[in-house]
Amino acid sequence: MSDKLNLGGGVIGLIFLALGVFEFLSGDSWIVWILLGFLFGGFGAVRKLIERSKS
């Protein structure tokens, strides 16, 4: 349960990061989505997911 709470703040950031990658691949404006992903904790959530998958 505590893992869900720790990751919960970054779910919105993960969504914004995914949108940024999609927009980058499609050739549209992507920088705003990546910045929003950073501001909402997407990079921290990605790091936590990677650490969880290693253990």
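Structural data are supplied above this passage.
Residues numbered from 1 in each chain as written. Predicted model: local features only at pLDDT ≥ 70, side-chain atom pairs only at ≥ 80, totals over all residues. Heavy atoms only, no water.

Draft legend 1. The packing of aromatic side chains, seen in detail. Applying the stated rule across the entire model yields four aromatic pairs. Summarising the aromatic geometry, the rings of Phe38 and Phe43 are spaced 6.0 Å apart at their centres and angled 55° between planes, so their arrangement reads as tilted. Under the relative-accessibility criterion, Phe38 is labelled exposed at 54%. By the ring-pair criterion, three or more aromatic residues cluster together here, those being Phe16, Trp33 and Phe40. (Phe/Tyr/Trp six-rings, centres within 6.5 Å; stacked < 30°, edge-to-face > 60°. Buried < 20%, exposed > 50% of the residue type's maximum accessible area, 1.4 Å probe, protein only.)

Draft legend 2. The arrangement of the pattern of salt bridges in detail. The full count for this structure, using the stated rule, is one salt bridge. Here Arg47 and Glu51 are joined by a salt bridge, their closest N and O atoms 3.2 Å apart. Of this pair, Arg47 and Glu51 both sit in helix 4 (residues 42-54), separated by four residues, roughly a single helical turn. By relative accessible area, Arg47 is classed as partly exposed at 45%. Note on Glu51: relative accessible area 45%, which makes it partly exposed. (Salt bridge = Lys/Arg side-chain N within 4 Å of Asp/Glu carboxyl O. Helix = DSSP H or I, 4+ residues; strand = E, 2+ residues; numbered from the N terminus.)

Draft legend 3. The arrangement of the side chain of Glu23 in detail. Considering the arrangement of structural elements, one finds Glu23 in helix 2 (residues 11-26). The charged side chain of Glu23 is buried without a salt bridge, its nearest counter-charge being Arg47 at 26 Å. Dropping the residues within four chain positions of it, Glu23 is found in contact with Asp28, Ser29, Trp30 and Trp33. (Lys, Arg positive; Asp, Glu negative; His and termini not counted. Contact = heavy atoms within 4.5 Å.)

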